[in-house]
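# Structure at a glance
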Amino acid sequence: MSLSAPAIRARKRRSGSQPLVMVTAYDEPSARFVDAAGVDIILVGDSVANVVLGHHDTLHVTVEEMCHHVRAVAAAKPRAHIVADMPWLSYHVDAGDSVRNAGALIRAGAHSVKLEGGQIRRSVARAILDAEIPVMGHLGLTPQSVLAFGGFKVQAKTREAAKWLVEDAISLQDEGVYAIVIEGVPSAVGTLATESLEVPTIGIGAGPDTDGQVLVFHDLLGLTNRAPAKFVRQYADLGPVITEALERFAADVRSGAFPSETETYANPEDLLN
Ligand code: KIV
């Protein structure tokens, strides 16, 4: 049985729980690696758009594409909870469509959905929750707001903006979300939001005091070709390891060293006579 949304809802650090660990995965092998590491939550993030599909932002991924990746992750049958991002425009137009889109992600194998925004998304969060689908919130530097923000900029840098963020977080909590991602804010705002809420916060670039932390799989393993953002800690540098292995394969093919006899099926007698 996978970790449930109510079990995650209970993981507040101030009640003695260990911090929550969330990592993205977009396919079956990466979900297997993440689950084998004992991670609590696998996020099938809409960051799939810019991390693996070659877009510049998260605005170019559809519900169908997200379902495709959720199915691949669910095929790993992880013990971890699978939360799927609702992509841009899948919950901005109409409550009925939003519920159907959330349902499609659940039928693809997610255990809950994540959506961006505070009070403005309150009614849509309510509609999805009313359909018995657990919802995770996401506030701060919400990547789907990149055009409105004028870039990927740290948010809540004034007292007033910090107060709005906390009000947004409380309104999502009052609606019934089970956890809230806080992204790209000064650490004091991560701390204030965490202290103001009964539901756990999961930070990314929100300082050390949130109830959990999330990173993108490709960022923490050094699998991107961009410089890591300030909040990323790279735990491995697998890019050069992969390139070196592929270069050795290419060299072996070109020199005739691959395949060797042990890598070749023996010829039956019949074929030799
Ligand atoms: O899509 C994603 O990877 C995310 C994280 C940045 C939290 O939403």
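Provided above is the structure to which this section pertains.
So, here's what we can say about the structure. A quick note: this is a predicted structure, and the numbers were derived from the prediction, not measured.

Reading the values: rules and limits
Residues numbered from 1 in each chain as written. Predicted model: local features only at pLDDT ≥ 70, side-chain atom pairs only at ≥ 80, totals over all residues. Heavy atoms only, no water. Axes fitted to C-alpha atoms, helices over the stretch in contact; angles between N-to-C directions. Helix = DSSP H or I, 4+ residues; strand = E, 2+ residues; numbered from the N terminus. Parallel < 35°, antiparallel > 145°, perpendicular 65-115°, else oblique. Left-handed = near helix turned anticlockwise from the far one by under 90°. Contact = heavy atoms within 4.5 Å. Nonpolar A, V, L, I, M, F, W, Y, C, P; charged D, E, K, R; others polar. Pairing = 2+ DSSP bridges. Buried < 20%, exposed > 50% of the residue type's maximum accessible area, 1.4 Å probe, protein only. Right-handed = clockwise from strand over helix to strand, strands pointing away. Expected span 1.5 Å × (residues − 1).

At a minimum axis separation of 8 Å, helix α4 (residues 63-74) and helix α5 (residues 95-107) run at an interaxial angle of 20°. As the angle between them shows, α4 and α5 are arranged roughly parallel. Here the hand of the crossing between α4 and α5 comes out right-handed. For the pair formed by α4 and α5, the contact residues are V63, M66, C67 and V70 on the first element and N101, A104 and L105 on the second. For the contact of α4 with α5, the per-class residue count stands at six nonpolar, one polar and no charged.

With that settled, the discussion passes to the sheet that holds strand β1 (residues 20-24). One closed barrel accounts for eight strands, arranged β1-β2-β3-β4-β5-β6-β7-β8; its pairing is parallel. Taken over all neighbouring pairs, the strand axes of this sheet differ in orientation by 25° on average, direction set aside. Sheet analysis places strand β2 (residues 41-44) next to strand β3 (residues 81-85), joined by four bridges and oriented parallel. When the sheet's bridge partners are listed, V44 is paired in β3 with A84. Along the sheet face, helix α6 (residues 122-130) touches β4 (112-116) and β5 (135-140) and points at about 175° away from the line of β4.

The next point concerns the pairing of β5. In terms of residue burial, β5 counts as a mostly covered element, since six of its six residues are buried. Here β4 pairs with β5 via four bridges, running parallel. Bridge pairing links V113 to V135 in β5. For the crossover that starts at β4, traverses α6 and ends in the parallel β5, the hand is right-handed. The pairing of β5 with strand β6 (residues 179-183) spans five bridges and is classified as parallel.

Moving on to helix α8 (residues 159-175). Given a rise of 1.5 Å per residue, 17 residues ought to cover 24 Å, and the 25 Å separating the end C-alpha atoms of α8 matches this to within 8%. Of the residues making up α8, those classed as buried are A161, A162, L165, V166, D168, A169, S171, L172, Q173 and E175. Considering only its buried residues, α8 is in contact with α6, β5, β6 and α9 (187-196). Among the residues trailing α8, G176 stands out with phi positive, at a value near 125°.

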